[in-house]
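Secondary and tertiary structure notes
Given next are the chains, with one letter for each unit.
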Amino acid sequence: MAALQYLEKQRAAQPELAEWYASMADLYQRKLWHQLTQKLDQFVALTVFQAGDTLVQLYHNFIRDFETKINLLKLAHFAVIVSKQYPEKGAAVAYLEEVIEKLRTSGERRVDEPILYVKMQVAALKLQRGEIQECKKLLEEGRTTLDSMTDVDPSVHASVHWVSSQYYKSRQEFAEFYKSALLYLAYTSVETLSEDFKLDLAFDLSLAALLGDNIYNFGELLAHPIVKSLLGTSVEWLYFILQAFNAGDLTKYQELCGQYQSALTAQPALVENEKKLWEKINILCLMELIFSRPSEERTIELSLIAEKTKLSLDEVEHLLIKSLSVHLIEGVIDQVDGTVRVSWVQPRVLGIPQINALKNRLDNWLQKVHTTLLAVEAEIPDLLAV
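Residues numbered from 1 in each chain as written. Predicted model: local features only at pLDDT ≥ 70, side-chain atom pairs only at ≥ 80, totals over all residues. Heavy atoms only, no water.

The protein chain has the name PCI domain-containing protein in an unreviewed UniProt entry, where Physcomitrium patens is given as its organism. Under Function (unreviewed entry), UniProt gives the following word-for-word description of the protein chain: "Acts as a regulatory subunit of the 26S proteasome which is involved in the ATP-dependent degradation of ubiquitinated proteins." (UniProt positions renumbered as here; feature names shortened; annotations may be inferred.)

So, in structure tokens, the structure goes:
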């Protein structure tokens, strides 16, 4: 009855939590494992347990007594929470590896999910210890396992994509980090994240979007609620820059660079990639120019592009070649006439202003169709009668 004795001891030591401990003792004695799991889920989320080793003691003195009798994925969740309270990363890894072994020998079905979830925390800890290659190996194995599974719990998906994002962040692979972090958010409820965590992730995602190779669509990020975490903070300038890039607004970007010069220069990655950022917003300016024109007016003078992007004609040709090479647009450059005929533009996630512009174009198209219909009716009245 060591588990009950531990609860009674904690109940006496923490009278403010006496009802919690009494409730867990009751559920434990009645062997209501599902209800006990739900109670524990609420219990470990209390603010009082976010520091110290209280949860480590709770696991070893109470949860361990019935750990294989509860939902194994929930056990994995508890184990990961507990591992974060170990002061030494090595001790946390050893603890998690012990949990993995217990899961393997439990004899229960569907142990792949909880094992993968715990393994990803091991990978995260190894990354924090600088064991990059070991993290990479666990991550590759985890992705392979995930691809072979069906009906996987969202938390398991999220764990793989989160560790993947942190691995790419450590290597400054901006585009891969961006993709992995967005996938992590696809399997995570933003409401469950702390404000500090959301702000840090929004900041990292925004920088990655700006600096990542072949990322020319900011609509998906701007539409995600997490990016609003930047507003009202010392880094809200990053949100405004994202908006300028999404709109291809070169003038606005120049204004922001002047307004927030000190904040921008404080970010080494932005300073080192200044030329790349200018090239990217010029490309987005080009795409916005193409998008804003009706489909029958997609033959554009190079001089007009030069005016909008503030580039020379030679630089405009380089910009077009770059856009064609990364398949952002399809078309033909006519150097003799000094024009480019664009036949296709890469689809984008549109913001409200862009959707309004598209609506206006559709309204104009409908008006043209209606006018044509009236003209046909006037010219051939007998046709409709038939």
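From this point on, the discussion continues.
**Things to note about the overall build of the protein chain**
A count of helices and strands for the protein chain gives 21 helices and 3 strands. Relative to the 2.2 N^0.38 estimate, which gives 21 Å for 386 residues, the radius of gyration of the protein chain is 29 Å and therefore markedly larger than a compact globule would have. The dimensions of the protein chain, computed from C-alpha atoms along their principal axes, are 95 × 65 × 40 Å. A burial count over the protein chain gives 44% of its 386 residues as buried. In the protein chain, 61% of the contacts between residues at least 6 apart in sequence involve partners at least 24 apart. (Helix = DSSP H or I, 4+ residues; strand = E, 2+ residues; numbered from the N terminus. Rg over C-alpha atoms; globule rule 2.2 N^0.38 Å. Buried < 20%, exposed > 50% of the residue type's maximum accessible area, 1.4 Å probe, protein only. Contact = heavy atoms within 4.5 Å.)

**Here we look at the pattern of salt bridges**
In the structure shown here, the tally under the stated rule is 15 salt bridges. Arg104 is paired through a salt bridge with Glu101; the nearest N and O atoms lie 3.8 Å apart. Of this pair, Arg104 and Glu101 are both found in helix H6 (residues 89-104), 3 residues apart, which corresponds to roughly one turn of the helix. Judged by its relative accessible area of 47%, Arg104 is partly exposed. Between Glu134 and Lys126 there is a salt bridge, with the nearest N and O atoms lying 2.9 Å from each other. Counted as one network, the salt bridges with shared partners bring together Arg64, Glu67, Glu98 and Lys102. (Salt bridge = Lys/Arg side-chain N within 4 Å of Asp/Glu carboxyl O.)

**Some words on unusual backbone geometry**
Positive phi, close to 60°, is recorded for Lys310, a residue that is not glycine. Mapped onto the elements of the fold, Lys310 is located in the loop between helix H18 (302-309) and helix H19 (313-325). Located in the positive-phi region is His327, a residue other than glycine, with phi close to 60°. If you trace the backbone, His327 turns up in the loop between H19 and strand S2 (329-334).

**What to know about the UniProt feature "domain: PCI" (unreviewed entry) in the protein chain**
Taking the numbering used here, the UniProt-annotated feature "domain: PCI" (unreviewed entry) corresponds to residues 174-347. Taken end to end, residues 174-347 comprises 60% helix and 9% strand; its first and last C-alpha atoms sit 22 Å apart.

**Comments concerning the packing of aromatic side chains**
Tallied over the full model, the rule gives 17 aromatic pairs. A ring pair is formed by Tyr253 and Trp278, whose centres lie 5.0 Å apart and whose planes are at 65°; its orientation type is edge-to-face. Of this pair, Tyr253 sits in helix H14 (residues 250-259) while Trp278 sits in helix H17 (residues 274-291); the two residues are 25 residues apart in sequence, bridging distant segments of the chain. By the ring-pair criterion, three or more aromatic residues cluster together here, those being Tyr28, Trp33, Phe62 and Phe66. (Phe/Tyr/Trp six-rings, centres within 6.5 Å; stacked < 30°, edge-to-face > 60°.)

**Remarks on the sheet that holds strand S3 (residues 339-345)**
Ordered in space as S1-S3-S2, the 3 strands form an open sheet in which the pairing is antiparallel. The sheet terminates laterally at strand S1 (299-301) and S2, the two strands that pair on one side only. Neighbour-to-neighbour, the strand axes of this sheet turn through a mean angle of 30°, independent of strand direction. In this sheet, S3 lies alongside S1 in antiparallel orientation, the contact comprising 3 bridges. For Glu301, the partnering residue across the bridge sits in S3 and is Thr339. Along the sheet face, H17 touches S1, S2 and S3 and points at about 85° away from the line of S3. Across the face of the sheet, H18 comes into contact with S1 and S3 while running at roughly 65° to S1. (Pairing = 2+ DSSP bridges. Axes fitted to C-alpha atoms, helices over the stretch in contact; angles between N-to-C directions.)

**Re the confidence of the model for the protein chain**
For the protein chain, mean pLDDT is 91; residues scoring 70 or higher make up 96% of the total. At the level of individual helices and strands, the protein chain shows its lowest average pLDDT in helix H21 (residues 381-385), which scores 55, and its highest in helix H9 (residues 154-170), which scores 97. (pLDDT = per-residue confidence, 0-100.)

**A closer look at the pairing of S3**
Within a regular beta strand, the side chains point alternately toward one face of the sheet and then the other, so they alternate between its two faces. With 6 bridges connecting them, S2 and S3 associate as antiparallel partners. Bridge assignment links Ile329 to a residue of S3, and that residue is Val345. Between S2 and S3, which pair antiparallel in sequence order, lie 4 residues; one of them, Gly338, sits at a positive phi of approximately 70°.

**What to know about the packing of helix H5 (residues 72-83) against helix H7 (residues 112-128)**
Packing of H5 against H7 leaves a shortest axis separation of 8 Å and a crossing angle of 10°. It follows from the interaxial angle that H5 and H7 lie roughly parallel. Taken as a pair, H5 and H7 cross one another with a handedness that is right-handed. The residues of H7 that touch H5, namely those facing Leu72, Leu73, Ala76, His77, Val80 and Ser83, are Glu113, Pro114, Tyr117, Val118 and Gln121. (Parallel < 35°, antiparallel > 145°, perpendicular 65-115°, else oblique. Left-handed = near helix turned anticlockwise from the far one by under 90°.)

**Notes on the state of the cysteines**
What the rule picks out here adds up to 0 disulfides. As a non-bridged cysteine, Cys257 has Cys285 as the owner of its nearest cysteine sulfur, 14 Å distant. (Disulfide = S-S within 2.5 Å.)

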